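Below, each chain spelled out in residue letters.
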Amino acid sequence: MLTLFAINGGRGRMPPVIAAGFRVRFLARRWMQANDPRKSRTNVAHHYDLGDDFYALFLDDDRQYSCAYFADPAMTLEAAQAAKKAHIATKLRIEPGMHVLDIGCGWGGMALTLARDFGARVTGVTLSENQHAAATARVREAGLADRIDIRLQDYRDLAGPFDRIVSVGMLEHVGAPQYPTYFARVADLLAPDGVALIHTIGRCAPPTTTSGWLAKYIFPGGYTPSLSELLTPLERTDLWQNDIEVWRGHYAETLRRWQDRFEANVDTVRAMYDDRFIRMWRYYLVAAEVSFDAHRHVVYQLQLSKTRDAVPNTRDYLYPPDAQPMQRAAE
């Protein structure tokens, strides 16, 4: 049913009243997505501070709450998430000892991978108190406290420079009015010979607005950008656009895996919350899957640098014959 709605809505067949509501929200989004530091912290807490026990019911063991990379459709969720991290690490061209900034570090999985498997020093920042506590504990348990610093801090308050910057699934929470600030900070924080990799949900369609239901119940302040909205503020920085990769289908498959695990543990969820919460999250997960299958949602990976030759001129380096980086991440 939701797929049918998505297909027909994409053809401009929404009822006039609903279409008018979208236009009003689009005009008001500068206010709705202002996302100053105080509001950003509140928005993050609404979604990410639900508790580790809840997210453990449907995420992979590393708590990767973003699109996995299914190089093979038969991959497990754990293997596909490890492949995602390896793909990103390869694009970052990390060498041992480099200092990496992880903007929106979540539960620390990327930071742990980059420090443990690639020899980097990592500073991770998050606005979620729950994620900060969990990531800090994971770093300590892994014996990597001397190489990973997890901070409860806004990216706008950081001081650089950093050899590498990575941000996975965080740009969706920035809000369109803050894109100029976001990319300006990435440029300011990146070392002269540095490389940044921004991984974000996007739309291969004109700009729109966030669903009122999604903004109220799931992701307040969130927004899925069109590529055109990202490129304009990006072009005002001194950053080179080295590579823009588009992932199609990977997030729909990721969401199907999350749904299967959510439904398999629905009785546990009911004990934590209630039936209303289950209906809300069931709708969110299904609607998100449909948006990637039938509503022109994709994932963008923007590889950026301050110099033209910071990365190779072809993508051959991403696929070495021995696939060693992916093996290291999977282990």
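Structure: see above.
So, a few notes on the structure that sits alongside this text.

Criteria and cut-off values
- Sequence order as written defines residue numbering, which begins from 1 separately in each chain.
- Predicted model: local features are reported for residues with pLDDT of at least 70 only, side-chain atom pairs are reported and counted for 80 or more only, and whole-chain, interface and lining totals are derived from all residues.
- As a convention, hydrogens and water are excluded, and side-chain values are obtained from all of the structure's heavy atoms.
- To get an axis, fit a line to the C-alpha atoms, keeping to the stretch in contact for a helix; angles then go from 0 to 180 degrees between the N-to-C directions.
- Helix and strand definitions follow DSSP, with helices as H or I runs of at least four residues and strands as E runs of at least two, each counted in order from the N terminus.
- When an angle is under 35 degrees it counts as roughly parallel; over 145 it counts as roughly antiparallel; between 65 and 115 it counts as roughly perpendicular; any other value is oblique.
- Throughout, a crossing is termed right-handed when the near helix is turned clockwise from the far one, and left-handed when it is turned anticlockwise from it by less than a right angle.
- It only takes one pair of heavy atoms within 4.5 Å for two residues to be counted as in contact.
- Each residue is assigned to one of three groups, with Ala, Val, Leu, Ile, Met, Phe, Trp, Tyr, Cys and Pro labelled nonpolar, Asp, Glu, Lys and Arg labelled charged, and all others, Gly among them, labelled polar.

### Regarding the packing of helix H6 (residues 77-92) against helix H7 (residues 109-118)
- Following both chains from N to C, one finds H6 and H7 inclined at 60°, their axes separated by 11 Å at the closest point. The angle between H6 and H7 falls in the class oblique. The crossing of H6 and H7 is right-handed. In this structure, H6 uses Lys85, Ile88, Ala89 and Leu92 to contact H7, whose residues at the interface are Gly109, Met110, Thr113, Leu114 and Phe118.
- Partitioning the contact of H6 with H7 into residue classes produces six nonpolar, two polar and one charged.

### Remarks on the packing of helix H12 (residues 250-264) against helix H14 (residues 275-294)
- Close contact between H12 and H14 brings their axes to 8 Å; oriented N to C, the two are set at 160°. Considering their axes alone, H12 and H14 lie roughly antiparallel with respect to each other. Between H12 and H14 lies a crossing of left-handed hand. Between H12, through Tyr251, Ala252, Leu255, Arg256, Trp258, Gln259, Phe262 and Glu263, and H14, the contact on the second element is made entirely by Ile278, Trp281, Arg282, Leu285, Val286, Ala288, Glu289, Phe292 and Asp293.
- Looking at the contact of H12 with H14 residue by residue, the classes come out as 11 nonpolar, one polar and five charged.

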